[in-house]
Amino acid sequence: MSDLALTNIGTLVTGDIDRPLADADTIVVRDGKIHSIGSSVDGDIERVIDVAGATVMPGLIDSHVHPVIGDFTPRQRTLDFLESYLHGGVTTMISAGEPHTPGRPTDPAGVKALAILAARSFAKFRPGGAKVIGGAVLLEEGLIEADFAEMAAAGVRIVGEIGISGVKDPEQAEPMVRWAQSHGMKVVMHTGGASIPGSGVIGADYVLAVRPDVAAHVNGGPTALRSSEVERILDESEAMIEVVHNGNARAVGDVVRLAAERDALGRVIVGTDSPAGTGVVPLGILRTMGWMSALGGMAPELAVACATGNTAKLHGLDRGVIAEGKEADLIIADAPLGSEAGDALGALAIADTPAVFAAVVDGEVRFVKSRNTPPPVRNIQVPWVQAGGSH
Ligand SMILES: [Zn+2]
């Protein structure tokens, strides 16, 4: 893979919640990995992008998508939506279950087969170059420990949202969750009001009884938990708490304030919870980071860390932070043309949607000038790429 350097970086956002900004203006990529971060380029680099003072941050990670197989969603009958999310700066998407699969099987054999198929399929299929972690098994009656061992060995890493499938009682879910976690899987639980007819209302008592890894969309999927329930989850459990675009925007601000008061911003992750009734939202992570900053009073670079490094750490992904040796999944972002803000972080601080100029995945430029965000203020050139095209 060719070498790449990004130079003249105005703001380098690391994705690390403990050290969210780096004092450096140059990133050198070799063999798809971040080779060095500093203030100069040493040696010959085949491709150099002068980012003209724009902002570079890790490719965003959407912690909550509901794909099926391929780049199509039956939920809103949309084609190429995953590739469209890449144009919203999202380079990794994590499934919280594939409930929209037409005729989704609910017997143990079918549940296993679907999870393994989705995991294997998305391991090979990269929409626009983006990475999708698919195959989040939805719990159904009859699954036994050996099933979780088999799924984990076949590449299934996630238990999808508990509460939207057949296993609803905490007593029934709890042993399955222990089996899944003992085989290295991460477990996601729906919280808040009912999402669609047939799903239930899930609060802190359920989270404390079952102890998932993620209390999903505490700001609503789409109906928010009460603040007192969010406080109990923060105070009495160790679960990550997720805020999503397809929930209650005001509650996003409340949740990040509650987490900040407890010095628990390292537990906050960001998703879209899409496709859903609320829709397909390519700019959902950018917009939610804006709400976290503008409504929650959170430094925008910390909101970026919640949507990158925090999620990568939870799922053991070798990306999501800009550090030497990590996978070179990066975005070049800026203030959108016409914004009161002067750069990408300034835009997030006032909940303007930043411009995504380009996305790099595994060291390759996947597009120049997002087809979905506004254009950037700065004039950035990538000599070898036609705007709107890929490398
Ligand atoms: Zn949900």
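In the block above lies the structure referred to throughout.
So, here is what we can say about the structure in this document. Model, not experiment: these values are computed from the prediction.

Cut-off values and rules
- Residues numbered from 1 in each chain as written.
- Predicted model: local features only at pLDDT ≥ 70, side-chain atom pairs only at ≥ 80, totals over all residues.
- Heavy atoms only, no water.
- Helix = DSSP H or I, 4+ residues; strand = E, 2+ residues; numbered from the N terminus.
- Rg over C-alpha atoms; globule rule 2.2 N^0.38 Å.
- Buried < 20%, exposed > 50% of the residue type's maximum accessible area, 1.4 Å probe, protein only.
- Contact = heavy atoms within 4.5 Å.
- Areas by Shrake-Rupley, 256 points an atom, 1.4 Å probe, with all protein chains shown as cover.
- Lys, Arg positive; Asp, Glu negative; His and termini not counted.
- Charge placed at Lys NZ, Arg CZ, Asp CG, Glu CD.
- Donors = N, O, S within 2.8 Å, 3.2 Å for Na, K, Ca; no water.
- Salt bridge = Lys/Arg side-chain N within 4 Å of Asp/Glu carboxyl O.
- Pairing = 2+ DSSP bridges.
- Core = buried A, V, L, I, M, F, W, Y, C linked by side-chain atoms within 4.5 Å.
- Domains from an automatic or database assignment.
- Phe/Tyr/Trp six-rings, centres within 6.5 Å; stacked < 30°, edge-to-face > 60°.
- Polar contact = N/O pair within 3.5 Å; in protein donor to acceptor, adjacent residues only side chain to side chain.

1. Regarding the overall build of the chain
Next up, step 1: Broken down by element type, the chain carries eleven helices and 21 strands.
Next up, step 2: For the chain, the C-alpha radius of gyration of 20 Å lies close to 21 Å, the compact-globule estimate for 391 residues.
Next up, step 3: The principal-axis extent of the C-alpha atoms belonging to the chain is close to 60 × 40 × 35 Å.
Next up, step 4: Out of the 391 residues belonging to the chain, those deemed buried represent 60%.
Next up, step 5: Relative to all contacts within the chain whose residues are 6 or more apart in sequence, the contacts with residues 24 or more apart total 74%.
Next up, step 6: Taken as a whole, the chain presents about 14200 Å² of accessible surface, with 48% of it coming from carbon and sulfur.
Next up, step 7: Charge centroids of the chain, computed over 31 positive and 48 negative side chains, lie 3 Å from each other.

2. Things to note about the coordination of the zinc ion
Next up, step 1: Coordination of the zinc ion by the protein involves E161 (OE), H190 (ND1) and H217 (NE2), with metal-donor separations of 1.7 to 2.3 Å.
Next up, step 2: Site description for the zinc ion: donor spacing in sequence, E-x28-H-x26-H. Of this pair, E161 sits in strand β14 (residues 158-162) while H190 is found in strand β15 (residues 186-190), placing the two residues 29 residues apart along the sequence.
Next up, step 3: The exposure class of E161 is buried, given its relative accessible area of 2%.

3. Thoughts on the pattern of salt bridges
Working definition: two side chains of opposite charge can pair if their charged atoms are close together.
Next up, step 1: As enumerated under the stated definition, the model contains 22 salt bridges in all.
Next up, step 2: Ionic pairing is found between R262 and E231, a salt bridge with its closest N-O pair at 2.9 Å. Highlighted residues: R262 in the loop between α7 (249-261) and β18 (268-271) and E231 in helix α6 (residues 227-236), separated in sequence by 31 residues.
Next up, step 3: One continuous salt-bridge network, built from bridges that share partners, spans R126, K131, R319, E327, D329 and D362.

4. Considering unusual backbone geometry
Next up, step 1: A cis amide bond, omega 5°, links G221 with the succeeding residue P222.
Next up, step 2: The residue P222 is located in the loop between β16 (214-216) and α6 in this model.
Next up, step 3: A cis amide bond, omega -10°, links S274 with the succeeding residue P275.
Next up, step 4: Phi angles above zero are rare outside glycine, and D362 is one such case at about 50°.
Next up, step 5: Relative to the elements of secondary structure, D362 occurs in the loop between β20 (355-361) and β21 (364-368).
Next up, step 6: The backbone of K369 shows a phi angle near 65°, a positive value even though the residue is not glycine.

5. Examining the pairing of strand β4 (residues 26-30)
A regular strand places its side chains on the two faces of the sheet in alternate fashion.
Next up, step 1: When you tally the buried positions in β4, you get four out of five residues, the bulk of the element.
Next up, step 2: Relative to β4, strand β1 (residues 4-7) runs antiparallel, the two sharing three bridges. In the sheet register, L4 faces β4, and the bridge partner there is V29.
Next up, step 3: Note: β4 against strand β5 (residues 33-38), five bridges, orientation antiparallel. Bridged to T26 within β5 is G38.

6. A word on the nonpolar core
Grouped burial of nonpolar side chains is what soluble globular proteins tend to show.
Next up, step 1: Counting 80 residues, the largest nonpolar core has F148, V159, I162, V268, M289 and M292 as the members making the most contacts within it.
Next up, step 2: Mapping this core onto the domain boundaries places at least three of its residues in each of domain 1 (4-58 + 319-368) and domain 2 (60-315).
Next up, step 3: Not counting chain neighbours up to four residues away, the residues in contact with V159 comprise A136, V137, L139, F148, A180, M185, K186, V187 and V188.
Next up, step 4: One finds A22, I34, V51 and V365 within the second-largest nonpolar core, a separate group that totals 25 residues.

7. Some thoughts on the packing of aromatic side chains
Next up, step 1: Under the defined criterion, the tally for this structure stands at three aromatic pairs.
Next up, step 2: Here F148 and W179 contribute two aromatic rings whose centre-to-centre distance is 6.1 Å and whose plane-to-plane angle is 50°, an arrangement assigned as tilted. You can see F148 sitting in helix α3 (residues 145-153) and its partner W179 sitting in helix α4 (residues 170-182), a full 31 residues away along the chain.
Next up, step 3: When its relative accessible area of 25% is taken as the criterion, W179 is described as partly exposed.

8. Looking at the sheet that holds β20
Next up, step 1: Across the sheet, which stays open at both edges, the six strands sit in the order β3-β2-β7-β19-β20-β21 with mixed pairing between neighbours. Each edge of the sheet is formed by a strand with only one pairing partner; in this case those strands are β3 (21-22) and β21.
Next up, step 2: Direction of pairing for strand β7 (residues 55-58) relative to strand β19 (residues 330-334): antiparallel, over a ladder of four bridges. Counted as the bridge partner of P58 is L330 from β19.

9. Examining the side chain of E98
Next up, step 1: Assignment of secondary structure puts E98 in the loop between β11 (90-95) and α2 (108-124).
Next up, step 2: Of the side chains with opposite charge, R104 lies nearest to the buried E98, which makes no salt bridge, at 8.3 Å.
Next up, step 3: Here S95 takes part through its side chain, which lies 2.7 Å from a polar atom of the side chain of E98.
Next up, step 4: Beyond its immediate chain neighbours, meaning those up to four positions away, E98 contacts P67, V68, R104, L114, A118, G134, G135, A136 and L138.

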